[in-house]
Amino acid sequence: MLNITMIGCGAIGISVLELLEKDPQLHVDAVIASAGSEDLVRQRLASFRQPPTVLTALPADARPDLLVECAGHKAIEEHVLPALERGIACLVVSVGALSEPGLVERLEAAAARGNTRIELLPGAIGGIDALSAAKVGGLDTVDYIGRKPARAWKNTPAEQVCALDELREPTVIFHGSAREAAQLYPKNANVAATLSLAGIGLDRTRVTLIADPLSEDNVHHFEARGAFGGFEMSLRGKPLEANPKTSALTVYSVVRALGNHAHAISI
Ligand SMILES: NC(=O)C1=CN([C@@H]2O[C@H](COP(=O)(O)OP(=O)(O)OC[C@H]3O[C@@H](n4cnc5c(N)ncnc54)[C@H](OP(=O)(O)O)[C@@H]3O)[C@@H](O)[C@H]2O)C=CC1
Ligand SMILES: O=C([O-])CC(=O)C(=O)O
């Protein structure tokens, strides 16, 4: 059985915990919450058979088999970097955080010093295996379009681009590089960052973001061209009720990745 510590217990975290209750090979013994949110998180966990301990940091003597981040960009700096230094393997969903200059190199160096690994999870998108394999032969272009219902762009710079509540048709709210997208829309551009890291990088990956009042789904579409040929993929993700910015597939991506660490066959 693997002992897991989870960072963050919001829309993704709580759904992951619910699914993991069914798997005897995976046990989340602790959840790391933001300072000041411990009681709220304990309340969220109260109905679990064996509620994980709620902490605000990994204790110095803790040695979980895996640390899984389901929290947000700041958690990478705060919890993931120090855990890697201590030799604890980490899984991360807030991949957009890696658009910050120098952070990829710092994570690599921390993992090397700790003789461990960091795994960037595909989250809301698929096809990352094919894209990163295609990169080996050489990629020419990767274009990504992220389309979400208007409500998913609330409290983002899209509010300065258009009146989200009054939209009647799909409206482009951003066009530019994946690096700019991840910095402007940190909670909506993790997929853009993931595609960039698997493909041709944050500066060459072209991103279009659309607020679509006619869509109920978070639609991720990308096209890649290179020596391997061509590849197109569209994924229509159902948003989580607890957070319309986040697709349910992200939850399943975390559960799959954890299962692959514990089960005899990984797929
Ligand atoms: N790779 C992908 O495809 C996707 C990645 N994501 C990433 O996953 C993250 C989580 O998504 P979601 O669960 O929907 O978001 P929520 O906002 O619902 O939940 C995030 C939770 O993490 C907590 N949290 C934030 N910062 C920290 C920290 N430094 N330490 C401990 N806990 C922290 C928050 O607590 P509090 O509010 O009290 O601070 C909150 O409860 C997103 O921020 C996004 O970056 C999301 C969707 C897709
Ligand atoms: O969950 C999704 O649909 C994707 C998402 O938020 C992101 O790319 O950050």
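Residues numbered from 1 in each chain as written. Chains lettered and ligands numbered in written order. Predicted model: local features only at pLDDT ≥ 70, side-chain atom pairs only at ≥ 80, totals over all residues. Heavy atoms only, no water.

Trainee: What is the right way to read the overall build of the protein chain from this model?
Mentor: Tallying secondary structure elements over the protein chain gives nine helices and 13 strands in all. Taking 267 residues into account, the globule formula puts the C-alpha radius of gyration at 18 Å, and the protein chain, at 18 Å, falls close to it. Along the longest, intermediate and shortest principal axes, the C-alpha atoms of the protein chain span 50 × 45 × 35 Å. Split into buried and exposed, the 267 residues of the protein chain put 52% on the buried side. Taking contacts inside the protein chain between residues at least 6 apart in sequence as the whole, the part at least 24 apart equals 71%. About 12800 Å² of surface is accessible on the protein chain, with carbon and sulfur atoms providing 51% of the total. (Helix = DSSP H or I, 4+ residues; strand = E, 2+ residues; numbered from the N terminus. Rg over C-alpha atoms; globule rule 2.2 N^0.38 Å. Buried < 20%, exposed > 50% of the residue type's maximum accessible area, 1.4 Å probe, protein only. Contact = heavy atoms within 4.5 Å. Areas by Shrake-Rupley, 256 points an atom, 1.4 Å probe, with all protein chains shown as cover.)

Trainee: Please explain unusual backbone geometry as it appears in this structure.
Mentor: The general pattern is negative phi for most residues beyond glycine and trans for most peptide bonds. Backbone geometry places N115, a non-glycine residue, at a positive phi of 55°. Looking at the element boundaries, N115 is found in the loop between α4 (103-114) and β6 (118-120). The phi angle at N155 is positive, at roughly 60°, despite the residue not being glycine. The exposed category is assigned to N155, whose relative accessible area is 70%.

Trainee: Explain the packing of aromatic side chains to me, please; I cannot follow it from the model alone.
Mentor: What describes a pair of aromatic rings is the distance from one ring centre to the other and the angle between the planes of the rings. Here the structure, examined in full by the defined rule, presents three aromatic pairs. When the ring of W153 is compared with that of Y185, the centres are 5.5 Å apart and the planes differ by 90°; the resulting orientation is edge-to-face. Here W153, found in the loop between β7 (139-148) and α6 (158-161), pairs with Y185, found in the loop between α7 (178-184) and α8 (190-198); they are 32 residues apart in sequence, far enough to count as distant. With relative accessibility at 0%, the residue W153 sits in the buried group. Ring geometry for F222 and F231: centres 5.2 Å apart, planes at 90°, overall edge-to-face. Since its relative accessible area comes to 0%, F222 is described here as buried. F231 gets classed as buried once you look at its relative accessible area, which sits at 18%. (Phe/Tyr/Trp six-rings, centres within 6.5 Å; stacked < 30°, edge-to-face > 60°.)

Trainee: I would appreciate a short explanation of the site of ligand 2 in the present structure.
Mentor: Among the 13 residues in the neighbourhood of ligand 2, the closest are listed as K148, N190, V191, H220 and S247. For ligand 2, an oxygen atom lies 2.9 Å from a polar atom in the backbone of N190. Broken down by secondary-structure element, the contributors of at least two residues to the shell around ligand 2 are α8, β10 (218-226) and β13 (243-247). Broken down by element, the residue count for the shell around ligand 2 peaks at three residues, all from β13. Its residues placed into classes, the shell around ligand 2 shows three nonpolar, seven polar and three charged. (Near = heavy atom within 4 Å. Polar contact = N/O pair within 3.5 Å; in protein donor to acceptor, adjacent residues only side chain to side chain. Nonpolar A, V, L, I, M, F, W, Y, C, P; charged D, E, K, R; others polar.)

Trainee: I tried to follow the packing of helix α1 (residues 11-20) against helix α9 (residues 248-262) on my own but got confused; where do I start?
Mentor: Describing two packed helices takes the angle between their axes plus the distance from one axis to the other. It is the contact of α1 with α9, at a shortest axis distance of 9 Å, that shows an interaxial angle of 50°. Taken together, the axes of α1 and α9 are oblique relative to one another. Between α1 and α9 the crossing geometry is right-handed. Residue-level contacts link I12, S15, V16, L19 and L20 of α1 to T250, V251, Y252, V254, V255 and L258 of α9. (Axes fitted to C-alpha atoms, helices over the stretch in contact; angles between N-to-C directions. Parallel < 35°, antiparallel > 145°, perpendicular 65-115°, else oblique. Left-handed = near helix turned anticlockwise from the far one by under 90°.)

Trainee: Got a minute to help me understand the side chain of N188 in this structure?
Mentor: Mapped onto the secondary structure, N188 falls in the loop between α7 and α8. Look at N188 and you get buried, because its relative accessible area is 5%. Leave out the neighbours within four places in its chain, and N188 touches K148, A152, W153, T156 and K245.

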